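The chain contents come next:
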Amino acid sequence: MKKTFKILLVVITFLGLSTLPVKAFGDRGFGLAVGVIGGATILDANGTEREGNSSNSNTATETTTDAFNAIFPYASYFGEVSFRGDYAGLAIGYENSPGAGTIGEGSRTDTDVDTSDDSDTGLYSAKGEVEDFHQAYAELVVYPGAGNVGFFVKGGVAEVDVISLESIDKGAASSAYGNVTIDGTVVGGGVRGRHDSGIMWKLVFEHTDWDKVTLDSTTGNKNQITADLDTSTLKFGIGYQF
């Protein structure tokens, strides 16, 4: 909740600053920029599935732990307002990636060998996706020699939906999980520049530490999944600054 509030605060600040007049002398003063971003994201995830959900107090129950690492493409659009002096500047912006990406999938085949009638035989498959990524950020920029290229550090907050897609509803031992929205803290840095024509660009490396994910199953044996997610992204943006 606190991070969601911070996102709203930064977005409100962005909208308020965007109403200020743009100075008419090159890239000094206030400016408004819009553009697109492309790059690649490295995902590091560690997860545990535990028999029984949050109501299960038996510490001797079975747990299964696994790790997942992947690299996938990244694309988004952004809008930001900036203020530039001769040697320093500040950019406050919002970034959104409306698409979806797979963060892990797998399957197994189980055969029921007992005499019960719980019908556990079948193919169990599961897949996770992330979608509707949002980020609010601030970039503090230093321009050596008062030139058109500057170096910056970045901080922000992010939000993404984690979608659980399963086909495991076979017998009493199955568990199906819902979806969850998680928040993350963003830190990074990079280099950015602006041409006299108004074309601006930036190269960014950032790391996002996401909140822990906890999913309780409401079906089958009602297992619980917990996961820690971290992402590192290298991306290049290009746009136009008014």
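Everything that follows concerns the structure shown earlier in this document.
Computed from a predicted structure; not experimentally measured.

Asks: Can you help me understand the overall build of the protein in this one?
Replies: Looking only at helices and strands, the protein features one helix and nine strands. Helices and strands in the protein line up, N terminus first, as α-β-β-β-β-β-β-β-β-β. Taking all 242 residues of the protein together, the buried fraction comes to 38%. The long-range share in the protein, meaning contacts at least 24 apart out of those at least 6 apart in sequence, stands at 69%. Approximately 12700 Å² of the protein is accessible, and the part contributed by carbon and sulfur atoms is 61%.

Asks: Even after reading the chapter, I still don't get the pairing of strand β7 (residues 199-210), so can you show me in this structure?
Replies: It is a general feature of regular strands that their side chains alternate between the two faces of the sheet. Only one face of β7 is covered, namely the one carrying M200, K202, V204, E206, T208 and W210; the face carrying I199, W201, L203, F205, H207 and D209 has none of its residues buried. Adjacent in sequence and paired antiparallel, strand β6 (residues 180-194) and β7 are bridged by four residues, among which G198 carries a positive phi angle near 105 degrees. With 11 bridges joining them, β7 and strand β9 (residues 224-241) adopt antiparallel strand pairing. Paired with I199 across the bridge in β9 is Y240.

Asks: Would you explain the packing of aromatic side chains in this entry?
Replies: For any pair of aromatic rings, geometry is given as the distance between the ring centres together with the angle between the planes. Tallied over the full model, the rule gives five aromatic pairs. Ring centres of F30 and F83 lie 5.0 Å apart, and the angle between their planes is 55 degrees; this geometry places the pair in the tilted category. Separated by 53 residues along the polypeptide, F30 in strand β1 (residues 29-50) and F83 in strand β2 (residues 63-84) bring together distant segments of the chain. Relative accessible area serves as the criterion here: at 26%, F30 is assigned to the partly exposed category. Assessed through its relative accessible area of 39%, F83 is described here as partly exposed. Pairwise contacts between aromatic rings join Y74, F133 and W210 into one cluster. The residue whose ring lies beneath R84 is Y143, and the NZ or CZ to ring-centre distance is 3.6 Å. Taking the ring centre of Y137 as reference, the NZ or CZ of K154 above it sits at 4.6 Å.

Asks: I'm lost on the nonpolar core in this one. Help?
Replies: Core analysis: the biggest nonpolar cluster contains 21 residues, and F133, V160, I182, W210, V213 and L229 have the highest contact counts within it. The set of elements that each furnish at least two residues to this core consists of β1, β2, β4 (122-142), β5 (149-167), β6, β7, β8 (213-216) and β9. At four residues, β1 tops the list of elements feeding residues into this core.

Asks: Got a minute to help me understand a nonpolar patch on the surface in this structure?
Replies: Nonpolar side chains collect at one region of the surface, where V34, V36, Y77, I199, L203, F205, L234, F236, I238, Y240 and F242 lie side by side and expose about 1000 Å² of accessible area between them. Breaking the nonpolar patch down by element, the ones donating at least two residues are β1, β7 and β9. Position of F242 relative to the elements: it lies in the segment after β9. Using a relative accessible area of 52% as the deciding quantity, one classes F242 as exposed.

Asks: I would appreciate a short explanation of the pairing of β9 in the present structure.
Replies: Here β8 runs beside β9; their pairing, made up of four bridges, is antiparallel. Its bridge partner being in β9, L215 is matched across the sheet by I225.

Asks: Sorry, what's going on with the side chain of E80 here?
Replies: Inspection of the secondary structure assignment puts E80 in strand β2. Within the structure, E80 has its side chain in polar contact with the side chain of R192 (distance 2.5 Å). A polar contact is formed between the side chain of E80 and the side chain of K202, at a distance of 3.0 Å.

Asks: When you look at unusual backbone geometry in this model, what are you seeing that I'm missing?
Replies: The phi torsion of most residues other than glycine is negative, and most of the peptide bonds are trans. Positive phi, close to 55 degrees, is recorded for D132, a residue that is not glycine. One can find D132 in strand β4. By relative accessible area, which is 31% here, D132 ends up partly exposed. Of note, the phi angle at A146 is positive, near 55 degrees, even though the residue is not glycine. Here A146 lies in the loop between β4 and β5.

Asks: Hey, could you run me through the pattern of salt bridges in this one?
Replies: Two side chains with opposite charge may pair up if their charged atoms get near one another. Counted by the stated rule, this structure contains seven salt bridges. Residue K202 is joined to E139 by a salt bridge in which the shortest nitrogen-to-oxygen separation is 3.1 Å. Pair noted here: K202 is in strand β7 and E139 is in strand β4, with a separation of 63 residues, a long-range link. Judged by its relative accessible area of 0%, E139 is buried. With a closest N to O distance of 2.6 Å, K154 and E206 form a salt bridge. Here E206 lies in strand β7 and K154 lies in strand β5, a separation of 52 residues in the sequence. Under the relative-accessibility criterion, E206 is labelled buried at 2%.

Conventions adopted
- Residues numbered from 1 in each chain as written.
- Predicted model: local features only at pLDDT ≥ 70, side-chain atom pairs only at ≥ 80, totals over all residues.
- Heavy atoms only, no water.
- Helix = DSSP H or I, 4+ residues; strand = E, 2+ residues; numbered from the N terminus.
- Buried < 20%, exposed > 50% of the residue type's maximum accessible area, 1.4 Å probe, protein only.
- Contact = heavy atoms within 4.5 Å.
- Areas by Shrake-Rupley, 256 points an atom, 1.4 Å probe, with all protein chains shown as cover.
- Pairing = 2+ DSSP bridges.
- Phe/Tyr/Trp six-rings, centres within 6.5 Å; stacked < 30°, edge-to-face > 60°.
- Lys NZ or Arg CZ within 6 Å of the ring centre and 35° of its normal.
- Core = buried A, V, L, I, M, F, W, Y, C linked by side-chain atoms within 4.5 Å.
- Patch = residues over 30% accessible without salt bridge, like charges linked within 9 Å, V, L, I, M, F, W, Y side chains within 5 Å.
- Salt bridge = Lys/Arg side-chain N within 4 Å of Asp/Glu carboxyl O.
- Polar contact = N/O pair within 3.5 Å; in protein donor to acceptor, adjacent residues only side chain to side chain.

Just distances and angles here, no functional claims.
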